[in-house]
Amino acid sequence: MAQQISESELVLMKIIWKNGGAALYALIMEELEKQSNEWKNNTVLTLLSRLVEKKFLKVKKIGRRNEYVAIITEADYQAMQTHTFVHKIYSGNVKNLVSTLLQQDILSADELKEIERFWRKENE
């Protein structure tokens, strides 16, 4: 099973994904500031190092600056997390997941119809 990303690490990954999959350290700090996130430099560097160790990021040197490049796309990460969730919570039974989404009004009938149309189009 693939490594998990902590909530804090995910904040950084989302900044990098939003920036097209690569971001300089300065840009990451700028974005954190915009989000009123007051993490210290060492905290951010530690989180980025962990993401490199977990093989979610690689570091590209640009002169003396570090650019952090995503190795995994946001869509791939979402797919991976979805599989993990369905297996952990629903024992792999997607029908039970959809049933819960409908019963709890998380997924509307209109959204379900939209998904059905999408599914038909994909399988034509």
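Higher on the page you've got the structure.
Here the structure is a predicted model, which means the values were calculated and not measured. (Residues numbered from 1 in each chain as written. Predicted model: local features only at pLDDT ≥ 70, side-chain atom pairs only at ≥ 80, totals over all residues. Heavy atoms only, no water.)

Colleague: Any chance you could explain the packing of aromatic side chains here in plain terms?
Modeller: Centre-to-centre distance and the angle between the planes together describe a pair of aromatic rings. In the structure shown here, the tally under the stated rule is 3 aromatic pairs. Ring geometry for Trp17 against Tyr77: centres 5.8 Å apart, planes inclined by 35 degrees, an arrangement best described as tilted. Linking Trp17 in helix α1 (residues 7-18) with Tyr77 in helix α4 (residues 74-90), this pair joins segments that are 60 residues apart in sequence. Note on accessibility: Trp17 and Tyr77 belong to one class, buried. Ring centres of Phe85 and Tyr90 lie 5.9 Å apart, and the angle between their planes is 70 degrees; on these two criteria the pair is classed as edge-to-face. Note on Tyr90: relative accessible area 16%, which makes it buried. Three or more aromatic residues joined by ring pairs form one cluster here, namely Trp17, Phe56 and Tyr77. (Phe/Tyr/Trp six-rings, centres within 6.5 Å; stacked < 30°, edge-to-face > 60°. Helix = DSSP H or I, 4+ residues; strand = E, 2+ residues; numbered from the N terminus. Buried < 20%, exposed > 50% of the residue type's maximum accessible area, 1.4 Å probe, protein only.)

Colleague: I'm lost on the nonpolar core in this one. Help?
Modeller: One recurring pattern in soluble globular proteins: nonpolar side chains tend to sit buried together. In terms of nonpolar packing, the biggest core is built from 21 residues, with Leu12, Met13, Ile16, Ile28, Leu48 and Leu57 touching the most fellow members. Of all the secondary structure elements, the ones that give two or more residues to this core are α1, α2 (25-34), α3 (41-53) and β3 (65-70). Sequence-distant contacts of Met13, defined by excluding residues within four places in its chain, comprise Ile5, Leu51, Phe56, Leu57, Ala70 and Ile72. (Core = buried A, V, L, I, M, F, W, Y, C linked by side-chain atoms within 4.5 Å. Contact = heavy atoms within 4.5 Å.)

Colleague: What is the right way to read the layout of surface pockets from this model?
Modeller: One way to see where empty space is left: roll a probe the size of a water molecule over the atoms. Its volume calculated, the largest pocket comes out at about 260 Å³. Lining the largest pocket we find Val98, Leu101, Leu107, Leu112, Ile115, Glu116, Phe118 and Trp119. Residue assignment for the lining of the largest pocket shows that the elements contributing at least two residues are α5 (94-103) and α6 (109-122). With 5 residues, the single largest contributor to the lining of the largest pocket is α6. Each pocket or cavity is described by its volume, and for the second largest pocket that value is around 170 Å³. As for the second largest pocket, its lining consists of Ala79, Thr82, His83, Phe85, Val86, His87, Gly92, Val94, Leu97 and Leu101. When residues of the lining of the second largest pocket are traced back to their parent elements, those giving at least two are α4 and α5. In terms of residue class, the lining of the second largest pocket is made up of 6 nonpolar, 4 polar and no charged. (1 Å grid on protein atoms, 1.4 Å probe; cavity = no way out; pocket = protein on both sides within 12 Å on 5 of 7 lines; lining within 4 Å. Points joined across faces, edges and corners; volume = space filled by probe spheres on them. Nonpolar A, V, L, I, M, F, W, Y, C, P; charged D, E, K, R; others polar.)

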